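The chain contents come next:
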Amino acid sequence: ELGGGSLHESSFMLALSGKTCRGTALILDQVASPFKRSWCLLEVGQTCQLMQRQLMQHPCDFDGLMLCTPAGVLQHRGVGIDIAIAIAEQVSG
């Protein structure tokens, strides 16, 4: 996945830095598997850094990190708190 061995040339970084990119969708299961993978954590970190820069420059252009579950996006209404609690317990344990 590293284009030419460089993080900044990886497919994820190229996509994240594209002009039409609106953010990163992190697909979560009941055991929060992405938070146990180093590459996923790197993507979360890069997204958060970009989100900070974007908020200073263009507050409406970047949605940042969307935490997606089978029930929907955690940041949106209608997703039960039980899913958020289960994920928090997995991440903290």
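A quick note: this is a predicted structure, and the numbers were derived from the prediction, not measured. The residue numbers shown here count from 1 along each chain, following its written sequence. Whole-chain, interface and lining totals are the exception, using all residues; otherwise, since this is a predicted model, local features are given only for residues with pLDDT of at least 70 and side-chain atom pairs are given and counted only at 80 or more. Note that the side-chain values use all heavy atoms of the structure and ignore hydrogens as well as water.

J.: I would appreciate a short explanation of the pattern of salt bridges in the present structure.
T.: Pairs may arise between side chains of opposite charge once their charged atoms sit close together. Here a salt bridge means any side-chain nitrogen of Lys or Arg lying within 4 Å of a carboxyl oxygen belonging to Asp or Glu. For the structure shown, the criterion picks out 1 salt bridge. With a shortest N-O distance of 3.3 Å, Arg 22 and Asp 63 are connected by a salt bridge. Highlighted residues: Arg 22 in the loop between helix 1 (11-16) and strand 1 (23-27) and Asp 63 in the loop between helix 2 (38-57) and strand 2 (64-69), separated in sequence by 41 residues. The classification of residues rests on relative accessible area computed with a 1.4 Å probe and restricted to protein chains. Under 20% of the type maximum is buried, over 50% is exposed, and intermediate values are partly exposed. Relative accessible area serves as the criterion here: at 44%, Arg 22 is assigned to the partly exposed category. By definition, any uninterrupted DSSP run of H or I lasting at least four residues is a helix, any uninterrupted run of E lasting at least two residues is a strand, and each is numbered from the N terminus.

J.: Please explain the sheet that holds strand 3 (residues 72-73) as it appears in this structure.
T.: Note: strands within a sheet are paired through backbone hydrogen bonds, in either parallel or antiparallel orientation. By the convention used here, strands pair only if DSSP detects at least 2 bridges between them. The sheet built from 3 strands is open, its strands ordered 1-2-3 with mixed pairing. Strand pairing shows two members of the sheet lacking a second neighbour, strand 1 and strand 3, which therefore form its edges. Pairing geometry for strand 1 and strand 2, over 5 bridges, is parallel. Bridge pairing links Gly 23 to Gly 64 in strand 2.

J.: Before we go on, may I ask you to explain the environment of Phe 12 in this structure?
T.: With respect to the helices, strands and loops of the structure, Phe 12 is situated in helix 1. According to the relative accessible area criterion, Phe 12 is buried, its value standing at 15%. In sequence terms Phe 12 and Gly 72 are 60 residues apart; their C-alpha atoms lie 23 Å from each other. Residue contacts are defined here by distance: any two heavy atoms, one from each residue, within 4.5 Å place the two residues in contact. In this view, Phe 12 contacts Thr 24, Trp 39, Glu 43, Gln 46 and Thr 47; residues no more than four positions away in its chain are not counted.

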